[in-house]
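Structural features, examined
Now for the letters of each chain:
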Amino acid sequence: LALALRPAPLPYLLRPAPRHNGPLRAAPPMMTNLLETSELAPPPERVVAAVEAAKGARLTAADLAAQSGVRIDEARRGMRELATALAGCDGVSVSASEQGDLLYSFPADVRRELASRSAAAKARDAWNSAKPALQTAGRFAFGLALFASIAVVFTA
């Protein structure tokens with residue numbers, strides 16, 4: 001009797017890796033530390049306004065959500081973004097309450113501190129201060145153009 005002997009299969013971990021004949025794919029981008037980036041996006045305006053209205057009081061995300069009318073998850077994210085943007089500033093602290101909620105404390109002049117650290121926040125504040133004048137000028141120009149077009153139609 002002649003037996004055909006075949007080699008035993010290698011265990012899975014010892015098998016050679018399959019060859020890939022398709023196009024090569026780029027490696028996924030590396031995650032970066034948010035504190036190392038040079039510019040962070042400013043937190044939402046409603047969150048900044050509610051923190052500013054609190055005038056330096058200690059707030060939880062639920063307190064902020066109740067004051068500003070934002071959803072609780074948006075309040076949590078906004079306060080975390082604001083605390084990150086103002087990290088190292090005097091008056092900024094994060095602690096835990098007896099119930100385990102995070103208590104945030106921000107300086108009374110949070111908008112000025114944020115503008116001094118972020119060009120995007122400074123640009124947003126400039127836009128918010130210029131927007132009413134631009135809207136008024138736009139309405140005036142539209143009204144003037146409307147009256148001019150009516151005058152042209154009736155005189156022709």
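Per-chain numbering applies: the sequence of each chain, read as written, is numbered from 1 onward. In keeping with the model being predicted, local features are shown solely for residues with a pLDDT of at least 70 and side-chain atom pairs are shown and tallied solely at 80 or more, while totals for entire chains, interfaces and linings include all residues. To get the side-chain values, take all heavy atoms of the structure and skip hydrogens and water.

Each helix corresponds to a stretch of at least 4 residues labelled H or I by DSSP, and each strand to a stretch of at least 2 residues labelled E; elements are numbered beginning at the N terminus. Secondary structure summary: the protein contains 5 helices and 2 strands in total. Counting all 156 residues of the protein, 22% fall into the buried class. Contact between two residues is taken to exist if any of their heavy atoms lie within 4.5 Å; hydrogens are not considered. When contacts within the protein are restricted to residue pairs at least 6 apart in sequence, those whose partners lie at least 24 apart make up 55%. Any residue under 20% of the maximum accessible area for its type is buried, any over 50% is exposed, and the rest in between are partly exposed; the area is computed with a 1.4 Å probe on protein chains only.

Salt bridges are defined as contacts in which a side-chain nitrogen from Lys or Arg sits within 4 Å of a carboxyl oxygen from Asp or Glu. Within this structure, the stated rule accounts for 5 salt bridges. Glu45 is paired through a salt bridge with Arg111; the nearest N and O atoms lie 2.9 Å apart. Remark: Arg111 occurs in helix H4 (residues 110-117) and Glu45 occurs in helix H1 (residues 45-54); sequence separation between them is 66 residues. Taking relative accessible area as the criterion, Glu45 reaches 28% and is therefore assigned partly exposed. Among the residues examined, Arg111 registers a relative accessible area of 18% and is labelled buried. Note that Glu81 and Arg77 form a salt bridge whose closest N and O atoms lie 3.8 Å from each other. In this pair, Glu81 and Arg77 are both assigned in helix H3 (residues 72-85), 4 residues apart and thus about one turn of the helix distant. Given the relative accessible area of 30%, Glu81 is considered partly exposed.

Below, the discussion takes up the side chain of Glu74. As for its position among the elements, Glu74 is in helix H3. Setting aside its immediate chain neighbours within four residues, Glu74 contacts Pro44 and Val47.

With that settled, consider H1. For H1, the full list of buried residues reads Val47, Val48, Ala50, Val51 and Ala54. Along the axis of H1, the buried positions cluster into a sector of 165°, meaning they face one direction only. Each element contacted by the buried residues of H1 is listed here: helix H2 (61-68), H3, H4 and helix H5 (119-155). The positive-phi residue at the C-terminal boundary of H1 is Lys55, with phi of around 55°. When we speak of the arc, we mean the arc of directions from the helix axis to the C-beta atoms.

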